[in-house]
Amino acid sequence: MRRHAVLWIALAVASVALSAAAAFETRANRLQAIKTVGIVSAIGEEMSLTQAGLTALGNTGQSASISAWGLDEMIVQQATKLLSGRFRVQPVSYRRAAFAAIRDSAVAPVNLLRSDPFKELVRSDVAPQGLDAYIVITRARSKLGSGRDVEGIGLVQYRTLLADYGLIHALYEVRVIDGKSFDVIEKRAAAPLDNTGTMRLAGPSGPVDETFDGPASGERLRTAIVDLVTRSLPVTLSDMHLMESQ
Amino acid sequence: MKQFDEAALDRAASAQQSLLSAFLAALGAITAIPQSASAQTAFTLPAPPFDLPMLPSPSGNWTVMVGIGGEYTPDFVGSKNGKFRPIPIFSIRRAGSIDQFRGPRDSASIALLDVGYFRAGPAFKYVSSRKSDKYSELTGLGDVKAAYELGGFVEYYPVDWLRLRSELRQGVGGHTGTVADVSADVIVPLIQRLTISAGPRFTWKSTKATAPYFGVDATQALASGLPMYDARGGAHSVGFGSQISYRINPQWEVHAYVEYERLLGDAAGSPLVKLRGSSNQTTIGLGASYSFDFRIR
């Protein structure tokens, strides 16, 4: 009896291992088969302004338009440069606002069970169709402290009893969507550039210092955000096995 | 108000520009923060030979936290004596994932619903068995098996620094009653690295959750020498908890906490508590942890 049980367990373990190996083959093969890609970026139209920590009751986040910064164009350019070694990158047109408007459901299981909302948008909104895959870069979300979420591009003022701290963030995630079936082949949120700060976010972020105050602070802010994206994008694409490790 | 180069911003959104200007001016009070060290990982592992279906690829940076803690806690609920026990600390998570605020009395829980200031989901608590031969005060009272409490929690942050939490759990095993916990925590970051929190706690338990631990039936009365006692449910305890955590540097963190609980109602009135124990229950804990990153190709 015990021998039968052991045999069944061994069989189950072998089945799981084989299925997993098959799944890996599928993902790896699908990435290998991609020759032409189009890049969609929709993270840089707005910057959130958040006060966190010891804040007053009713304090809500606000936002400012940064569309003049041309962040999405810069991201497409940089991703094109990074991916050109491996793929033929073709320019695509899309409604940026439609991609920027999509949000994850607050109910976690819904996100697991429902079809990825970007699949349908790529199918209906991106031209030209027919490329092997589409690289879609959109806003990601992170916890800040305990009871607050931040997402996308933003500036945070974190208040403590004895001091205030500033933080900028560029939180984004990258999807590889199959150009024929529109399945999500791979999805990855950009990781923090370092894990050494004491105020942590689950994505690229950096401290704000006093150089962000005064004349030309907007340009400095833009430069700092661009730097976060420029340094994190190669790492993220490399983690997704879309390019060679840096 | 200090100057801000607005030309770089979208000129069409002047109201939003002034908002950003004001925000940046407010940040003028921020002191310069030294640039943190560049990303350093302890080691790099090769990519696994296969991925599991439905799960994201493990490639990327991960943070491991290891440490050791200790907790001085009553021998059993209602005991006047306590013991110190070591608690290992271990966690592994994607680099940058945030540790949510957690109280020492919180059950293990998963936030299936998370809208930032409001979280809810299933909760689970393990209540260890109570062996009568382990402590002299329990002689003759018989064993109570380990209980598994399953239920849910809701958590609400009216502001970033105040957490209100409630749990409702149903026991199976050692007790088959219902338990409700309510707590509030004021979370005050003194500086970026040092946070203190404190707040009141209240617990309600049904009769089926109270009787196995505080009731004394005829057989137990004969064997233990305690008077018979019919323990009923109701307000079980009220208390106060506080914790402090200090991040010495990005790798090392130390924490300490104290939880005081005063038993109420039939729990406090039980002869086990009145004659052989105490209705004052104090738990003290401390620990230190070290975090490091590693990378999976």
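Basis of the calculations
Residues numbered from 1 in each chain as written. Chains lettered and ligands numbered in written order. Predicted model: local features only at pLDDT ≥ 70, side-chain atom pairs only at ≥ 80, totals over all residues. Heavy atoms only, no water. Helix = DSSP H or I, 4+ residues; strand = E, 2+ residues; numbered from the N terminus. Buried < 20%, exposed > 50% of the residue type's maximum accessible area, 1.4 Å probe, protein only. Contact = heavy atoms within 4.5 Å. Areas by Shrake-Rupley, 256 points an atom, 1.4 Å probe, with all protein chains shown as cover. Phe/Tyr/Trp six-rings, centres within 6.5 Å; stacked < 30°, edge-to-face > 60°. Salt bridge = Lys/Arg side-chain N within 4 Å of Asp/Glu carboxyl O. Patch = residues over 30% accessible without salt bridge, like charges linked within 9 Å, V, L, I, M, F, W, Y side chains within 5 Å. Polar contact = N/O pair within 3.5 Å; in protein donor to acceptor, adjacent residues only side chain to side chain. Pairing = 2+ DSSP bridges. Axes fitted to C-alpha atoms, helices over the stretch in contact; angles between N-to-C directions.

Caption draft 1: How the structure looks around the overall build of chain A. Helices and strands together make up the secondary structure of chain A, namely six helices and twelve strands. The burial tally for chain A puts 51% of its 246 residues in the buried class. For chain A, restricting intrachain contacts to residue pairs at least 6 apart in sequence, the fraction spanning at least 24 positions comes to 69%. As presented, chain A carries roughly 10,800 Å² of accessible surface, and 58% of it is formed by carbon and sulfur atoms.

Caption draft 2: Focus on the overall build of chain B. Looking only at helices and strands, chain B features five helices and 13 strands. Burial analysis of chain B (297 residues in total) assigns 44% to the buried set. Long-range contacts, defined here as pairs at least 24 residues apart, represent 60% of the contacts in chain B between residues at least 6 apart. Carbon and sulfur atoms form 63% of the exposed surface of chain B, whose accessible area is close to 14,500 Å².

Caption draft 3: Region of the structure containing the environment of Ala218 of chain B. In this fold, Ala218 of chain B is placed in helix α3 (residues 218-224). Measuring from C-alpha to C-alpha, the distance between Ala218 of chain B and Tyr229 of chain B comes to 8.7 Å, with eleven residues separating the pair along the chain.

Caption draft 4: Local environment of the environment of Met228 of chain B. Take Met228 of chain B: it is sitting in the loop between α3 and β11 (234-247). If we skip the residues at most four places from it in the chain, Met228 of chain B touches Val216, Asp217, Ala218 and Ala221 of chain B.

Caption draft 5: Structural view of the packing of aromatic side chains. Here the structure, examined in full by the defined rule, presents seven aromatic pairs over all chains. Between Tyr94 of chain A and Phe99 of chain A, the ring centres sit 5.8 Å apart and the planes meet at 80 degrees, which makes this aromatic pair edge-to-face. Measuring from ring centre to ring centre gives 6.1 Å for Tyr117 of chain B and Tyr156 of chain B, while their planes differ by 80 degrees; the resulting arrangement is edge-to-face. Taken together, the residues span a long stretch of sequence, with Tyr117 of chain B in the loop between β5 (113-114) and β6 (118-127) and Tyr156 of chain B in strand β7 (residues 147-159) at a distance of 39 residues. Taking the relative accessible area as the measure of exposure, Tyr117 of chain B reaches 46% and is therefore partly exposed. Cluster of aromatic residues (ring-pair linked, three or more members): Tyr94, Phe99 and Phe118 of chain A.

Caption draft 6: Region of interest: the pattern of salt bridges. All names here are of chain B. On inspection of all chains with the given rule, the structure shows 38 salt bridges over all chains. Arg105 is the salt-bridge partner of Glu261, the closest N and O atoms lying 3.3 Å from each other. Separated by 156 residues along the polypeptide, Glu261 in strand β12 (residues 252-263) and Arg105 in the loop between β3 (82-94) and β4 (108-109) bring together distant segments of the chain.

Caption draft 7: Structural detail: a nonpolar patch on the surface. Residues and elements named next belong to chain B. Residues Val66, Phe90, Ile92, Tyr246, Ile248, Trp252, Val254 and Tyr290 make up a contiguous nonpolar surface patch of about 690 Å² in total accessible area. Put simply, the parts of the chain that give the nonpolar patch at least two residues each are β3 and β12. Within the secondary structure, Ile92 is located in strand β3. On the basis of relative accessibility, which here comes to 47%, the residue Ile92 falls in the partly exposed class.

Caption draft 8: Helix α5 (residues 117-125) of chain A, seen in detail. Of all the positions in α5 of chain A, only Phe118, Lys119, Leu121, Val122 and Asp125 of chain A are classed as buried. You can read the cap of α5 of chain A off the contacts: a side-chain oxygen lies 2.9 Å from the backbone nitrogen of Phe118 of chain A, and it is on Asp116 of chain A.

Caption draft 9: Spotlight on the sheet that holds strand β9 (residues 164-170) of chain A. All names here are of chain A. Taken in spatial order, the five strands make up an open sheet running β3-β2-β8-β9-β12, and their pairing is mixed. Pairing within the sheet leaves two strands with one partner each, and these edge strands are β3 (62-65) and β12 (205-208). On average, each strand axis in the sheet is inclined to that of its neighbour by 25 degrees, with strand direction left out of account. Two strands pair when backbone bridges link them, and strand β2 (residues 46-53) and strand β8 (residues 153-159) are joined in this way by seven bridges, in the parallel orientation. Within the sheet, the bridge partner assigned to Gln51 lies in β8 and is Gln157. Taken strand by strand, helix α6 (residues 217-239) contacts β2, β8, β9 and β12, and its axis lies near 55 degrees from that of β9.

Caption draft 10: Geometry of the sheet that holds strand β1 (residues 36-42) of chain A. Residue and element names in this part refer to chain A. Read from one edge of the open sheet, five strands run β4-β1-β5-β10-β11, paired in mixed fashion. Each having just a single partner strand, β4 (88-90) and β11 (184-189) make up the two edges of the open sheet. Sheet twist, expressed as the mean angle between neighbouring strand axes with direction ignored, is 25 degrees. Relative to β4, β1 is paired through three bridges, and the arrangement is parallel.

Caption draft 11: Structural context of unusual backbone geometry. Residues and elements named next belong to chain A. Cis rather than trans, the peptide bond between Ala127 and Pro128 has omega equal to 0 degrees. By the element assignment, Pro128 lies in the loop between α5 and β5 (133-139). Despite not being glycine, Phe182 has its phi angle at roughly 65 degrees, a positive value. Looking at where Phe182 falls in the secondary structure, it is placed in the loop between β10 (172-178) and β11.

Caption draft 12: Focus on the environment of Asp183 of chain A. Residues and elements named next belong to chain A. Relative to the helices and strands, Asp183 resides in the loop between β10 and β11. Here Asp183 falls in the partly exposed class, since its relative accessible area comes to 30%. Distance in space between the C-alpha atoms of Asp183 and Leu71 is 27 Å, their sequence separation being 112 residues. If we ignore the near neighbours within four places in the chain, the residues touching Asp183 are Arg30, Lys119, Val176, Ile177 and Asp178. There is a polar contact of 3.4 Å between the side chain of Asp183 and the side chain of Arg30.

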